[in-house]
Amino acid sequence: MICSKCGAENSEDSVFCNKCAANLSGVIEQEHKPKWFSNRRNIILSCSILVIGILVVVGIISFNNPVSVFKSNINNNKYVEATKTYDEKIKGNTDKEKSVNTFLKDDIAEIQKSFSESKIDYNT
């Protein structure tokens, strides 16, 4: 370790400089702190990038999922687009058909409940 005051060479475990008796403990803390901080910062940065990447992939998959597109079209009252999505991408796939049927049944049940509780009227 080199003394910051006089420039003399000292052993790594020295607390004081062998030539000028300057305190080297501050130098030791300064040398170790940036490495630890840098490693910690790199770990946090890597984890953040990983989480963002996962969210992007999940978002892309869910937006390209025909069942999600169908549900979104139904919720936005775009029934022609929903029918087109169903006919082109869902029809024939039993798992996707079951998912759509469950969604529609739940949606109808919610509408019936809202109507019976007078939250919506017949025209709505």
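Attention here is on the structure that accompanies the text. Since we're looking at a predicted model, the values are computed, not measured. Along each chain, residues carry numbers from 1 onward, in the same order as the chain's sequence is written. At least 70 in pLDDT is required for a residue's local features to be given in this predicted model, at least 80 for side-chain atom pairs to be given and counted, and no such filter applies to totals for whole chains, interfaces and linings, which use all residues. Hydrogens and water molecules were not included; the side-chain quantities draw on all heavy atoms of the structure.

## Some words on the layout of surface pockets
Each cavity reported here is a set of points on a 1 Å grid over the protein atoms alone in which a 1.4 Å probe fits but cannot get out, each pocket an open set with protein on both sides within 12 Å along at least five of seven lines, and each lining residue one with an atom within 4 Å of a point. Grid points are joined across faces, edges and corners, and a volume is the space filled by probe spheres set on the points. Roughly 260 Å³ of volume is contained in the largest pocket. In terms of lining, the largest pocket is formed by Ile 74, Asn 75, Asn 77, Tyr 79, Asp 107, Glu 110, Ile 111, Ile 120 and Thr 124. Listing elements by their share of the lining of the largest pocket, those giving two or more residues are helix 2 (66-75) and helix 4 (94-116). Helix and strand assignments come from DSSP, with helices taken as H or I runs of at least 4 residues and strands as E runs of at least 2, each series counted from the N terminus. Among the elements that line the lining of the largest pocket, the one with the most residues is helix 4, at three residues. When grouped by side-chain class, the residues that make up the lining of the largest pocket number four nonpolar, three polar and two charged. Three classes are used, and their members are as follows: Ala, Val, Leu, Ile, Met, Phe, Trp, Tyr, Cys and Pro are nonpolar, Asp, Glu, Lys and Arg are charged, and the others, Gly among them, are polar.

## Quick word on helix 2
With a 1.4 Å probe rolled over the protein chains alone, any residue whose accessible area is under 20% of its type maximum counts as buried; one over 50% counts as exposed, and the rest are partly exposed. Inspection of helix 2 places Pro 66, Val 67, Phe 70, Asn 73 and Ile 74 among the buried residues, and these make up the whole buried set. For helix 2, the arc enclosing every buried residue in end-on projection is 125°, short of the 170-degree limit, so these residues lie on one face. We call two N or O atoms a polar contact when they sit within 3.5 Å, provided that within protein one can donate a hydrogen and the other can accept it, with sequence-adjacent residues counted only if both atoms are side-chain atoms. Measuring from the backbone nitrogen of Val 67 back to the side-chain oxygen at the start of helix 2 gives 3.1 Å, which picks out Asn 65 as the cap. The first or second residue beyond helix 2 is Asn 77, which carries a positive phi of 60°. By arc we mean the arc of the directions from the helix axis to the C-beta atoms, nothing more.

Bear in mind that shape data such as this cannot, by itself, settle questions of function.
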